[in-house]
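# Coordinate analysis (summary)
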Amino acid sequence: ISVKDVRVYFSLWSYLTRSFLIRDIVVQSPTLSLGEGSRFKFKERGSKPSVVPRRIQIKGGSFSYKTHDKELRLSPLEMRVLPSKMMDRFDITFSGNGGHVVFKEQEKKVNRFEGAVVVHPDGIDLTGIVATLDKTDLKTEGVIKFSGKSLETTGLNVKMNVIFPVDEYLPLLPIARE
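This part covers the overall build of the protein. Counting secondary structure elements, the protein contains one helix and twelve strands. In sequence order, the secondary structure elements of the protein are arranged as β-β-β-β-β-β-β-β-β-β-β-β-α. For the protein, the proportion of its 178 residues judged to be buried stands at 29%. A separation of at least 24 residues holds for 45% of the contacts in the protein among residues at least 6 apart in sequence.

Looking along the chain, the bond that leaves Ser75 and enters Pro76 is cis, with omega of 0°. The residue Met87 is not glycine, and still its phi comes out positive at about 60°. As for its position among the elements, Met87 is in the loop between β6 (70-83) and β7 (90-96). In this structure Met87 comes out as buried when scored by relative accessible area, which is 17%.

Where nonpolar side chains cluster on the molecular surface, the patch consists of Ile1, Val3, Val6, Val8, Phe10, Leu12 and Tyr15 and spans about 740 Å² of accessible area. Turning to its location among the elements, Val3 is positioned in the segment before β1 (5-10).

This part covers the nonpolar core. General note: in soluble globular proteins, nonpolar side chains tend to be found buried as a group. The biggest cluster of nonpolar side chains holds 13 residues, and the ones touching the most others in it are Ile92, Phe94, Val110, Phe113 and Val117. Among the secondary structure elements, those contributing two or more residues to this core are β6, β7, β9 (106-120), β10 (123-133) and β11 (136-146). Discounting chain neighbours no more than four positions away, the residues touching Val117 are Phe90, Asp91, Ile92, Phe94, Ile124, Asp125, Leu126, Thr127 and Ile129.

Confidence along the protein averages 84 in pLDDT terms, with 84% of residues attaining 70 or more. At the level of individual helices and strands, the protein shows its lowest average pLDDT in helix α1 (residues 166-169), which scores 72, and its highest in β7, which scores 96.

A few words on the pairing of β7. Residues in a regular strand point their side chains to alternate faces of the sheet. One ladder, built from seven bridges, connects β6 with β7; its direction is antiparallel. Bridging across to β7, Pro83 finds its partner in Phe90.

Before going further, it helps to examine the environment of Leu138. Examined against the element boundaries, Leu138 turns out to sit in strand β11. In this structure Leu138 comes out as partly exposed when scored by relative accessible area, which is 22%. Expressed as a C-alpha distance, the spacing of Leu138 and Asn161, which sit 23 residues apart in the sequence, is 5.7 Å. Setting aside chain neighbours within four positions, we find Leu138 in contact with Ile129, Val130, Ala131, Leu133, Met160, Asn161 and Val162.

So, on to the side chain of Thr140. As for its position among the elements, Thr140 is in strand β11. With relative accessibility at 11%, the residue Thr140 sits in the buried group. In this structure Thr140 touches Leu126, Gly128, Ile129, Val158, Lys159 and Met160, once residues within four positions along its chain are discounted.

Pairing of β10 with β11, which is carried by nine bridges, proceeds in the antiparallel orientation. Bridging across to β11, Ile129 finds its partner in Thr140. Counting the residues between successive antiparallel strands, the hairpin from β10 to β11 contains two residues, one of them, Asp134, with a positive phi of roughly 50°.

Considering the arrangement of structural elements, one finds Pro76 in strand β6. As a C-alpha pair, Pro76 and Ser29 span 47 residues in sequence and 8.6 Å in three-dimensional space. Setting aside chain neighbours within four positions, we find Pro76 in contact with Gly61, Ser95, Gly96, Asn97, Gly98 and Phe113.

The rules behind each value
- Residues numbered from 1 in each chain as written.
- Predicted model: local features only at pLDDT ≥ 70, side-chain atom pairs only at ≥ 80, totals over all residues.
- Heavy atoms only, no water.
- Helix = DSSP H or I, 4+ residues; strand = E, 2+ residues; numbered from the N terminus.
- Buried < 20%, exposed > 50% of the residue type's maximum accessible area, 1.4 Å probe, protein only.
- Contact = heavy atoms within 4.5 Å.
- Patch = residues over 30% accessible without salt bridge, like charges linked within 9 Å, V, L, I, M, F, W, Y side chains within 5 Å.
- Areas by Shrake-Rupley, 256 points an atom, 1.4 Å probe, with all protein chains shown as cover.
- Salt bridge = Lys/Arg side-chain N within 4 Å of Asp/Glu carboxyl O.
- Core = buried A, V, L, I, M, F, W, Y, C linked by side-chain atoms within 4.5 Å.
- pLDDT = per-residue confidence, 0-100.
- Pairing = 2+ DSSP bridges.

Given below as structure tokens:
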């Protein structure tokens with residue numbers, strides 16, 4: 001992870017309360033690179049958080065994920081995160097217009113991507129993620145459920161619509177040709 005600049009805007013009135021209220025956090029040009037074996041751990045919180053950000057914005061970011069045979073790069077990336085006051089629900093919107101995807105030796109340019117997700121203790125709601133890869137349009141929506149306090153997936157109900165030019169993909173299909 002690397003970040004060019006972080007700006008924090010807070011409310012002086014929050015000094016009178018038990019929680020320190022941050023109106024806005026703006027992160028400029030962050031880079032997040034993940035690879036095979038990357039892991040995340042979340043701490044369980046039993047009480048009201050002492051620091052409460054109301055909005056987190058990412059401007060001009062980039063994201064990459066790479067394994068031995070797959071790669072995803074998205075840049076530039078714009079994102080807005082709206083946490084709940086208890087920090088247990090996060091409404092996230094994101095968009096961008098560049099990058100590439102490599103999968104099984106096929107590379108596709110990412111022309112545009114945008115979406116909205118809601119992250120909560122029970123899982124992730126995908127409320128509309130769209131992407132255009134070269135001439136292929138993808139649209140995804142659905143629900144990913146977690147098992148209790150672990151991040152293991154217990155339920156996956158995701159629908160994906162794909163629209164693509166068939167004539168470009170026919171030569172890649174393992175079918176008999178005359």
